[in-house]
Amino acid sequence: MISFKWHNGFERLKMYNGFMGSLHFFQAALMLYVSKEALFPVTTNYLDFDSVARTAVPVRETLFELNLGPAVALFLFLSAIAHFTLILPKVYPWYIKNLKNHINVIRWYEYALSSSVMIVLIAILVGIYDFSTLLTLFGINAAMNLFGLLMEQMNQNKKEINWLPYIFGCIAGIIPWIVIFLHFQGAISSADVEVPSFVYWIVFSLFAVFNVFAINMFLQYKKIGPWKSYVFGEKVYILLSLVAKSLLAWQVWSGTLRGTDTSVSAIISHLSNLL
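Residues numbered from 1 in each chain as written. Predicted model: local features only at pLDDT ≥ 70, side-chain atom pairs only at ≥ 80, totals over all residues. Heavy atoms only, no water.

What about the overall build of the protein?
A count of helical and extended segments in the protein gives 10 helices and 2 strands. The buried share of the protein, reckoned over its 275 residues, is 44%. Relative to all contacts within the protein whose residues are 6 or more apart in sequence, the contacts with residues 24 or more apart total 76%. Summed over its atoms, the accessible surface of the protein is roughly 14,500 Å², and 67% of this surface lies on carbon and sulfur atoms. (Helix = DSSP H or I, 4+ residues; strand = E, 2+ residues; numbered from the N terminus. Buried < 20%, exposed > 50% of the residue type's maximum accessible area, 1.4 Å probe, protein only. Contact = heavy atoms within 4.5 Å. Areas by Shrake-Rupley, 256 points an atom, 1.4 Å probe, with all protein chains shown as cover.)

Structure follows, in structure tokens:
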């Protein structure tokens, strides 16, 4: 049962952020430690002129190879940094003051970076390797989160809620998923491609969790049930962030980054070495 203080008070918010930051940081460090190398090409496409055939021909070139292990650790580290920043002595009073005004600036900037890295990794796992496409997906997803920041900035101390930033954010947020599902469907339909089962789990589980963030904001502004307290919604955001990042991290690890020795004893050994 959720206590009254959990959804109304600021008493344990510093401890809550510190604990969640530690969980993110620990997972990021563990991810680097237990992951094998898994390189995926990031490519670019352009037209070249074939002087013999006297025609333009498409060319694909690999710009660089992305190692998934450090990329997964990156979005976990970004969340850890954000949580630890919020509990710094000079930042925490500012954080609480902002929460009382129904806004958390650092949350949205962190999400703009970390969830956009997550979208790029999901896109790569369904076969999107083009650098320009990945950069576009990153930018659109970042814009979605910045619309979330705008939603909070525009509706501080307002009796009548302006839903335009929320609507625009939802439009921006669905576009990367449309692209991902189109490529995913193409892979499923191809007779030459067998999509690994872990990719199915990643696509559908992360799509569901990403949408819960939007539902959380909706409930906050509609003031439904415990969401009448903005602090309750803040704590739900923090929990959702941990769930989403942990789901993606360990599903990617189980599918592509897991080494040859993945027994429970080996993982415990890794943990003891970290500690």
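What about the nonpolar core?
Soluble globular proteins tend to bury their nonpolar side chains together. The biggest cluster of nonpolar side chains holds 60 residues, and the ones touching the most others in it are Val 72 and Phe 75. Of all the elements in the fold, those that place two or more residues in this core are helix H2 (13-34), strand E1 (39-50), helix H3 (68-86), helix H5 (105-125), helix H6 (131-154), helix H7 (164-189), helix H8 (197-222) and helix H9 (230-257). Counting residues per element, this core draws most heavily on H5, which supplies 12 residues. When neighbours within four sequence positions are excluded, Phe 75 is seen to be in contact with Ser 114, Val 117, Met 118, Leu 121, Lys 245, Leu 248 and Ala 249. Counting residues in each nonpolar core, the second largest holds 14 residues, with Tyr 16, Ala 82, Tyr 230 and Leu 242 among its members. (Core = buried A, V, L, I, M, F, W, Y, C linked by side-chain atoms within 4.5 Å.)

Digging into the packing of H5 against H7
Taken N-terminus to C-terminus, the directions of H5 and H7 make an angle of 15°; their axes are 9 Å apart at the nearest point. It follows from the interaxial angle that H5 and H7 lie roughly parallel. Between H5 and H7 the crossing geometry is left-handed. Within the contact between the two elements, H5 uses Ile 119, Ile 122 and Ala 123 and H7 uses Pro 176, Trp 177 and Ile 180. (Axes fitted to C-alpha atoms, helices over the stretch in contact; angles between N-to-C directions. Parallel < 35°, antiparallel > 145°, perpendicular 65-115°, else oblique. Left-handed = near helix turned anticlockwise from the far one by under 90°.)

Some details on the pattern of salt bridges
For the coordinates displayed, the defined rule picks out 3 salt bridges. With a shortest N-O distance of 2.9 Å, Glu 152 and Arg 107 are connected by a salt bridge. Within this pair, whereas Glu 152 is found in helix H6, its partner Arg 107 is found in helix H5, the two being separated by 45 residues in sequence. Under the relative-accessibility criterion, Glu 152 is labelled buried at 0%. Between Lys 245 and Glu 110 there is a salt bridge; the shortest N-O distance is 3.7 Å. Taken together, the residues span a long stretch of sequence, with Lys 245 in helix H9 and Glu 110 in helix H5 at a distance of 135 residues. The exposure class assigned to Glu 110 is buried, which follows from its relative accessible area of 9%. Each member of the salt-bridge network shares a partner with another, and the members are Arg 107, Glu 152 and Glu 234. (Salt bridge = Lys/Arg side-chain N within 4 Å of Asp/Glu carboxyl O.)

Details of the confidence of the model for the protein
When pLDDT is averaged along the protein, the result is 89, and 89% of the positions lie at 70 or above. Of the regions scoring below 50 in pLDDT, residues 1-7 engages in 11 contacts with residues more than four places distant in sequence or in other chains. (pLDDT = per-residue confidence, 0-100.)

Re the environment of Ala 73
Its location among the elements puts Ala 73 in helix H3. Residues Ala 73 and Leu 32 lie 41 residues apart in sequence; the distance between their C-alpha atoms is 6.5 Å. The residues touching Ala 73, leaving out its near neighbours within four places in the chain, are Ala 28, Met 31 and Leu 32.

What to know about the side chain of Asn 145
Among the secondary structure elements, Asn 145 is positioned in helix H6. On the accessibility criterion, Asn 145 (5% relative accessible area) is buried. Excluding its chain neighbours within four sequence positions, the residues that come into contact with Asn 145 are Trp 108, Tyr 111, Ala 112 and Ser 115.

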